[in-house]
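What the coordinates show
Listed below are the residues making up each chain.
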Amino acid sequence: MTNGFSVSVSLSDDRIQAALGRLTAATGDLTAAFDDIGAALVTSTLRRFETETDPTGRPWRPLSIETIIGRIGSRAKTFTLKGDLRKPAARYVAALKILQHRGHLKGGIHHRATQDGVEVGSDRIYARIHQFGGKAGRGKKVTIPPRPFLGIDRDDEAMMLGILRAHIGRALGDGVA
């Protein structure tokens with residue numbers, strides 16, 4: 001993605017490769033099919049933000065206590081005299097979503113289709129550190145765990161095959177492939 005971040009995935013699935021070959025033979029241009037695939041992969045990626053899971057279905061690592069404290073603050077009205085969270089603060093903490101503090105990362109997920117393929121990624125410069133994890137912050141003192149949101153799972157593979165079959169069917173004029 002221009003000035004952004006994308007993950008490159010090559011599929012060696014024989015069924016998908018065969019469908020791409022048939023579609024190329026029928027139309028000569030795969031841009032429309034890749035555009036549909038890209039839109040569906042964006043939807044799949046956005047669903048991962050809702051479920052807070054990676055492409056394999058594993059849950060993302062929870063927010064660190066430092067992140068939580070940074071979000072709620074350490075004001076006197078946040079904690080009881082015993083040091084417990086007050087009820088409004090506890091409700092706020094329970095509602096915190098991973099990688100969605102302001103929604104910019106999730107809102108920056110998009111795709112770009114060409115005749116040769118499709119890229120799905122984010123236009124946010126910090127997307128890479130959240131995808132792969134690593135050191136961040138001043139002096140690289142903060143370790144951010146990987147929380148992969150980009151990728152292709154089995155449902156995505158089936159979806160891509162279905163989109164390709166639909167495009168082949170339209171190209172051949174029978175509506176199905």
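Residues numbered from 1 in each chain as written. Predicted model: local features only at pLDDT ≥ 70, side-chain atom pairs only at ≥ 80, totals over all residues. Heavy atoms only, no water.

Turning next to the overall build of the protein. Scanning the protein from terminus to terminus reveals seven helices and five strands. Listing each helix as α and each strand as β along the protein from the N terminus yields β-α-α-α-α-α-β-β-α-β-β-α. Classification of the 177 residues of the protein by burial places 33% in the buried group. Once local pairs closer than 6 in sequence are excluded, the contacts in the protein between residues at least 24 apart make up 62%. Put simply, the protein shows about 10,900 Å² of open surface, and 53% of that area lies on carbon and sulfur atoms. (Helix = DSSP H or I, 4+ residues; strand = E, 2+ residues; numbered from the N terminus. Buried < 20%, exposed > 50% of the residue type's maximum accessible area, 1.4 Å probe, protein only. Contact = heavy atoms within 4.5 Å. Areas by Shrake-Rupley, 256 points an atom, 1.4 Å probe, with all protein chains shown as cover.)

Between the first and last C-alpha of helix H2 (residues 31-51) there are 30 Å, a value that for 21 residues agrees with the 30 Å anticipated at 1.5 Å per step. If you check which residues of H2 are buried, you get Ala33, Phe34, Ile37, Gly38, Leu41, Val42, Ser44, Thr45, Arg48 and Phe49. Structurally, H2 contributes buried residues whose contacts are with helix H1 (14-27), helix H5 (104-107), strand S2 (109-113), strand S3 (118-122) and helix H7 (154-172). Phi for glutamate 52, located one or two positions after H2, is positive at around 55°. (Expected span 1.5 Å × (residues − 1).)

The next subject is the nonpolar core. One finds Ile37, Phe49, Leu99, Phe149 and Leu164 to be the most contacted residues of the largest nonpolar core, which totals 29 residues. Looking at this core, the elements with two or more residues in it are H1, H2, helix H3 (65-72) and H7. Counting residues per element, this core draws most heavily on H2, which supplies six residues. Discounting chain neighbours no more than four positions away, the residues touching leucine 99 are Phe49, Trp60, Leu105, His130, Arg147 and Phe149. (Core = buried A, V, L, I, M, F, W, Y, C linked by side-chain atoms within 4.5 Å.)

For the rest of this paragraph, the subject is the packing of H1 against H7. The axes of two packed helices give the description: the angle between them and the distance between them. Interhelical geometry of H1 versus H7 gives an angle of 25° and a closest axis separation of 9 Å. For the element pair H1 / H7, the angle class is roughly parallel. Between H1 and H7 lies a crossing whose hand is left-handed. Taken together, the residues of H7 that come into contact with H1 (itself represented by Arg15, Ile16, Ala19, Leu20, Arg22, Leu23, Ala26 and Thr27) are Glu157, Met160, Leu161, Leu164, His167, Ile168, Ala171 and Leu172. When the residues that make up the contact of H1 with H7 are grouped by side-chain class, the tally is 11 nonpolar, two polar and three charged. (Axes fitted to C-alpha atoms, helices over the stretch in contact; angles between N-to-C directions. Parallel < 35°, antiparallel > 145°, perpendicular 65-115°, else oblique. Left-handed = near helix turned anticlockwise from the far one by under 90°. Nonpolar A, V, L, I, M, F, W, Y, C, P; charged D, E, K, R; others polar.)

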